[in-house]
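# Residue-level structure breakdown
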Amino acid sequence: MKRRSSISVGLMMSVSLIALSACEEPRVDASVYESVEQCKRDPLGNPDQCESNFKEAKAQHAAVAPKYATKEDCVADFGAEKCEKAPYQTSTGGSVFMPLMAGYMMGSLLGGRRMGAQPLYSSTSSPGTFRTADNKSAGSKTGRTQVARSATSKPSVKSTTMRRGGFGSSGRRFGSAAT
Amino acid sequence: MLRIPVNERPDLRRAASEHGLEYSANDGITGWDESAYYQFCMREIDEDLKAPAEELEGMCMEVVDRAITDEQVLQRLGIPEHFWDYIANSWRSSERNLYGRMDLSYSGKGPAKLLEYNADTPTALYETAVFQWEWFEQATELGLIPEGGDQLNDVHESIVQAFPFLGINELAHFACNYDIEDDKGTLQYLEECAQEVGLETCFLAMEEIGLNDHGQLTDLEDRAIRTLIKLYPWEWIMAEEFGSQVPTSGVRFIEPPWKAILSNKGLMPLLWGMFEGHPNLLPAYFEDDPAAAELVGTGSYVRKPMLSRQGANIEIVKNGQTHYKSDGPYSEDAHIIQGFQPLPEFEGCYPLVGCWLVASKAVGLCIREDKTLVTSKDSQFVPHIILD
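## A look at the overall build of chain A
When you go through chain A residue by residue, the secondary structure sums to 5 helices and 10 strands. For chain A, the residues scored as buried account for 31% of the 179 residues in total. A fraction of 57% describes how many contacts in chain A between residues 6 or more apart in sequence connect residues 24 or more apart.

## Looking at helix α4 (residues 84-92) of chain B
One turn of the α-helix equals 3.6 residues, which is why residues spaced by three or four share an orientation. Residue and element names in this part refer to chain B. Listing the buried residues of α4 in full gives Ile87, Ser90 and Trp91. Projected onto a plane normal to the axis of α4, the buried residues spread over an arc of 100 degrees and lie on a single side. Its buried side turned inward, α4 meets α2 (42-67) and α9 (259-262). Where α4 terminates, the next one or two residues include serine 94, which has phi positive at roughly 55 degrees.

## A closer look at the confidence of the model for chain A
All names here are of chain A. Residues with a pLDDT of 70 or more make up 80% of chain A, whose mean pLDDT is 81. Taken element by element, chain A is modelled with least confidence in helix α1 (residues 11-23), mean pLDDT 42, and with most confidence in strand β7 (residues 118-121), mean pLDDT 96. The low-confidence segment residues 1-22 (pLDDT under 50) makes 19 contacts with residues lying over four places distant or belonging to another chain.

## Brief notes about the packing of α2(B) against helix α10 (residues 267-274) of chain B
All names here are of chain B. As a packed pair, α2 and α10 sit with axes 10 Å apart at the nearest point and diverge in direction by 95 degrees. Comparing the axis directions of α2 and α10 gives the class roughly perpendicular. Taking contact as the criterion, the partners of Met59, Cys60, Glu62, Val63 and Ala67 in α2 are, on α10, Leu267, Leu270, Leu271 and Met274. Class assignment for the residues of the contact of α2 with α10 results in 8 nonpolar, no polar and 1 charged.

## Description of the sheet that holds strand β7 (residues 172-176) of chain B
Residue and element names in this part refer to chain B. Strand order in the open sheet made by the 4 strands is β8-β7-β11-β12, with parallel pairing throughout. A single partner strand is all that each edge strand has here, and the edge strands are β8 (201-205) and β12 (252-254). Between one strand axis and the next, the sheet turns by 25 degrees as a mean value, whatever way the strands run. In this structure, strand β11 (residues 227-231) lies alongside β12, joined through 3 bridges in parallel fashion. Across the sheet, residue leucine 228 finds its bridge partner in β12, namely phenylalanine 253.

## Quick look at the sheet that holds strand β1 (residues 2-5) of chain B
The strands making up a sheet associate through backbone hydrogen bonding, with each pair oriented either parallel or antiparallel. Residue and element names in this part refer to chain B. Spatially, the 3 strands line up as an open sheet ordered β1-β4-β21, and their pairing is mixed. Single-partner strands in this sheet number two, and they are β1 and β21 (384-386). For this sheet, the mean angle separating the axes of adjacent strands, direction not counted, is 30 degrees. In the sheet, strand β4 (residues 36-40) pairs with β21 via 3 bridges, with the strands oriented parallel.

## Some thoughts on the interface of chain A and chain B
Size of an interface: often given as the accessible area lost when the parts come together. On the chain B side, the residues contacting the 33 residues of chain A number 51 residues. Listing elements by their share of the side of chain A that touches chain B, those giving two or more residues are α1, β10 (161-164) and α5 (169-174) of chain A. Residues belonging to the side of chain A that touches chain B are distributed by class as follows: 12 nonpolar, 16 polar and 5 charged. In the sheet, β10(A) pairs with strand β9 (residues 210-212) of chain B via 3 bridges, with the strands oriented antiparallel. Opposite A:Arg164, over in β9(B), you have B:Gly210 as the bridge partner.

Each value, and the rule that gives it
- Residues numbered from 1 in each chain as written.
- Chains lettered and ligands numbered in written order.
- Predicted model: local features only at pLDDT ≥ 70, side-chain atom pairs only at ≥ 80, totals over all residues.
- Helix = DSSP H or I, 4+ residues; strand = E, 2+ residues; numbered from the N terminus.
- Buried ≥ 20, exposed ≤ 12 C-beta atoms within 10 Å, placed from the backbone.
- Contact = placed C-beta atoms within 7 Å.
- Arc of directions from axis to C-beta.
- pLDDT = per-residue confidence, 0-100.
- Axes fitted to C-alpha atoms, helices over the stretch in contact; angles between N-to-C directions.
- Parallel < 35°, antiparallel > 145°, perpendicular 65-115°, else oblique.
- Nonpolar A, V, L, I, M, F, W, Y, C, P; charged D, E, K, R; others polar.
- Pairing = 2+ DSSP bridges.

The following block contains the structure:
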């Protein structure tokens, strides 16, 4: 039961602390390419791994790319001719859209542990900048570069939500959940 | 244990508005009464409440450990078979628990008796951890209560310290029923605690949760939910439409699935079955157990639904007469029969002592008073101090 000073935990304060730490986030080495060919031409690159890393990124593309219920919404974010149909359908049989891959980020050694390759995208809001599937910037430079460490984490799977409302009925019936 | 009348702080209206609590000029802060406080001595706290609560917690873990492999017990608790392996796996893989509140009948004389364990969706967390502590600090400063007192209240620090050990390394989702302000407030407080240790969070209503084509639960941005800190009981989750998807959803829940065994009042007969005669337990039986008839035959007992909330559908029988009976929506459900240990009376009020456990350590007290023997959502929170 140690004494403590007043503990009015401020939401605003917590948020600003997070913002601060994001600014100070460490940067790590990575390689960014628009294509396998560009990767192979890079004199500083590692041509043996260009193909396998591309395949690794491409394999994740459909699962991790941002998804849209209409082509218009996708085009608004990524530009005309920059969207494709995703290999998924909504529960009512509707199409799902996602941006085309604009490039990929190569795995490099990170603390002795190989960082996985992942697809990159380019949105209309920041042209020329590569962004990960989780909308983290990977910079605008191709070849060897440095990116924020958070950009190198494994991208999340973004599939389409088929249905909502499968929870909540008991709450509507009984009221408070508290005991 | 004493009940001591005291002046309220002069700026109660401001205190209420700072903390987002409901206030009216006539009744003060809804659910809160600081015109009195309870005073405990150190021995009562350490020997009668803290130590027994942690011992009971250990006993509860033994109950879980046994229950997960006992189909008969899982059946009796009303847990659908679909979730048996899921619950067992969550226990075997040591999924961490965050918090819970044990409700005890305690008068300062004789051992505290466990009435029930709100192990899944406990309420009055914010009032305990923040508002009660602020009262203690201000009341001390204003000279309303004696100098040199203390309060059993490490709830806030303990929650903040527990979060890094829950193994959340990506976005943490928080969900509850949006229509209930109290539930929302409690969960928002937990969210602030998570943010205090740098976790990224996202808050949504249970009914907003989606199900995607990979069988994952999703938020409103279609992101897959990895960790869900829910203020929504396990029995509701298991019964609802998306519930059947939960075991394969890849979501880590807090509280973990094995808490479904402890938050059920069937825990009380299970504890009595394993630890009969323990000083902090009351005799308790499933209603269909022949031994329950014996307890009923004594003429004094309490009948409770296994899954009721906030004092609903509780019946107290004293000397063969129904002494108290509350309404509620749970009357059709299975019941337990528990020995009757009335709450003590202090000036016409019946205090129920809630002992908060965070990461299984007893770290806080909350006392709620009612004018009846059954504490409910309309009971008043009364603060406490420790003074020797």
